[in-house]
Amino acid sequence: MMKKMILFTMGTRGDVQPYIFLSQALQKAGYEVTLGTHPCWSSLVTEAGVTFTPIGPDIDIELEAAVIRGKEKNAMQAMLKTMKFVFRIVEQSSAEIYQCCQGKDLVIVSHSHIGAAEAEALQIPTVDVTLQTETIPEEGKPQTVGQRLFGRLFNAAINPMIVKPYNKLREGYGLSKIKSMDQMMSQQLNLIPISRYVIEPSSYWAPQHHMTGYWYDEGTAAYEPDPELKAFLEQGDKPMILALGAMSFEAAEEKDKLELFLKAFEKTGKRAIIQGFRKTLMNYTLPDSMIAVGSVPHSYLFRQGCCVIHHGGFGTSASAMLYGVPSIIIPHALDQFGVAERLKKLGVTTEPLKASELSEEKLIDRIEYLSGNYDTILEKVKTLSSQMEQEHGLDTAVRLIREVIADV
């Protein structure tokens, strides 16, 4: 009998896309898979050939993220507001998630932890997915005095805020309270879809934590660009690609921000492809050396560019490395700053440029630095890309999940 699985995730497209790839791989392996996420991603999921179920309120998640980002420039305050927003959706979605879990053989719990309490209440085995390795406990690891102090401060100040909404859910299902999120994690398997060439696995992790390599389109899906994009690509040198993901989704027009990029491209003589800025571009005419595009797969688009200017999001950063293209990173919030520094250490990007410090002059400086060191940076990212391609993260993830569900 075919085993049934359900995955839950929330967030912008970059948060959802890895789980679409995993769902496709699990279906190919012979499992019945359902992916639950925001109603706004229905078409994205179903067009990938994956069974979709709507979870939570019918909201425009990218607009909501843009509003939070626009109202709060302080990184810590933005993080706290984002957490409250996520927790509200977790609470609103729980009844639906509980119903969707019934009759399933396995629940795959995403990095937002939705589905964990419901699966436990129904006594269904779980597999976890973690995108931020710093959240994984490292039992027995020696710590400095400063690290111990930070840990105590985190546990005293931040941790109670994180566990509170989940404990509220757990209480409703008759489950015991938790003191930290790792108490909700699967003791059988936690998948980490990151390359070991980007982050080295810790020897202090418990055995259930497995780094698989990134989950991505390994070239099985064909893509044909529209005639306008195809003609643009054939007209000259490889362009720079501006792909700020959800950070370029606007609550209102951001003409000044867009023009900052355009002027920098013009002054450095660069052709460019622009993703995002939809509101601004509705009443804007780009120069002939630039073109705006909509939803073009990174697996195609990034390979056409000489460089990607992005925000340091999980999926976009992985794509830039996987498809062998140098980066200029403009981190805006949360873990994007850490991702930017990590890629800088790998030598595949310029010095990161914080969004709060973004200016035409500083952007031109990054572009000129990249141009002057292009061959060195390109060689490093090409080497990294070749190493990452050999990991076959989806194959590894499916194999590990198969070992867990075989015992169900």
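Here, every reference points to the structure presented above.
Thresholds, definitions, all that
Residues numbered from 1 in each chain as written. Predicted model: local features only at pLDDT ≥ 70, side-chain atom pairs only at ≥ 80, totals over all residues. Heavy atoms only, no water. Core = buried A, V, L, I, M, F, W, Y, C linked by side-chain atoms within 4.5 Å. Buried < 20%, exposed > 50% of the residue type's maximum accessible area, 1.4 Å probe, protein only. Contact = heavy atoms within 4.5 Å. Phe/Tyr/Trp six-rings, centres within 6.5 Å; stacked < 30°, edge-to-face > 60°. Helix = DSSP H or I, 4+ residues; strand = E, 2+ residues; numbered from the N terminus. Lys NZ or Arg CZ within 6 Å of the ring centre and 35° of its normal. Expected span 1.5 Å × (residues − 1). Salt bridge = Lys/Arg side-chain N within 4 Å of Asp/Glu carboxyl O.

Draft legend 1. Looking closely at the nonpolar core. Core analysis: the largest hydrophobic core is formed by 97 residues, its most contacted members being Ile 108, Tyr 214 and Ile 401. Those residues within four positions of Ile 401 in sequence are excluded, and the remaining contacts are Met 5, Leu 22, Leu 26, Leu 106, Ile 108, Val 127, Leu 189 and Leu 191. Judged by nonpolar contacts, the second largest core, of 28 residues, contains Leu 258, Leu 262, Cys 307 and Leu 370.

Draft legend 2. Here's a closer look at the packing of aromatic side chains. As enumerated under the stated definition, the model contains six aromatic pairs in all. Each ring, one from Tyr 19 and one from Trp 215, has its centre 6.3 Å from the other, and the planes form 80 degrees; the classification is edge-to-face. With Tyr 19 in helix 1 (residues 13-28) and Trp 215 in the loop between strand 7 (209-211) and helix 8 (227-234), the pair connects residues that are 196 residues apart, well separated along the chain. Under the relative-accessibility criterion, Trp 215 is labelled buried at 6%. For Arg 271, the ring lying beneath its charged end belongs to Phe 232, and the centroid distance is 4.1 Å.

Draft legend 3. Structural detail: helix 9 (residues 255-267). Over its 13 residues, helix 9 runs 18 Å from end to end, which matches the ideal 18 Å to within 8%, given 1.5 Å per residue. If you check which residues of helix 9 are buried, you get Lys 257, Leu 258, Leu 260, Phe 261, Leu 262, Ala 264 and Phe 265. Buried positions along helix 9 lie against strand 8 (240-243), strand 9 (272-275), helix 10 (278-281), strand 10 (290-293), strand 11 (307-310) and helix 14 (360-372). Of the residues one or two after helix 9, Gly 269 is the one with positive phi, at around 70 degrees.

Draft legend 4. Representation of the pattern of salt bridges. All chains considered together, the criterion is met by seven salt bridges. Where Glu 224 meets Lys 230, a salt bridge forms, and the shortest distance between an N and an O atom there is 3.8 Å. For Lys 230, a relative accessible area of 38% translates into the label partly exposed. The salt bridge partner of Glu 360 is Lys 267, with a shortest N-O separation of 2.4 Å. With a gap of 93 residues between them, Glu 360 in helix 14 and Lys 267 in helix 9 connect regions that are remote in the sequence. Lys 267 sits in the exposed class, given a relative accessible area of 59%.

Draft legend 5. A look at the environment of Ile 108. By the secondary structure assignment, Ile 108 is in strand 4 (residues 106-109). When its relative accessible area of 1% is taken as the criterion, Ile 108 is described as buried. Sequence spacing of Ile 108 and Val 127 is 19 residues, and the spatial spacing of their C-alpha atoms is 4.8 Å. Leaving out residues up to four positions away in the same chain, Ile 108 has contacts with Met 5, Ile 6, Leu 7, Phe 8, Leu 22, Leu 26, Val 127, Val 129 and Ile 401.

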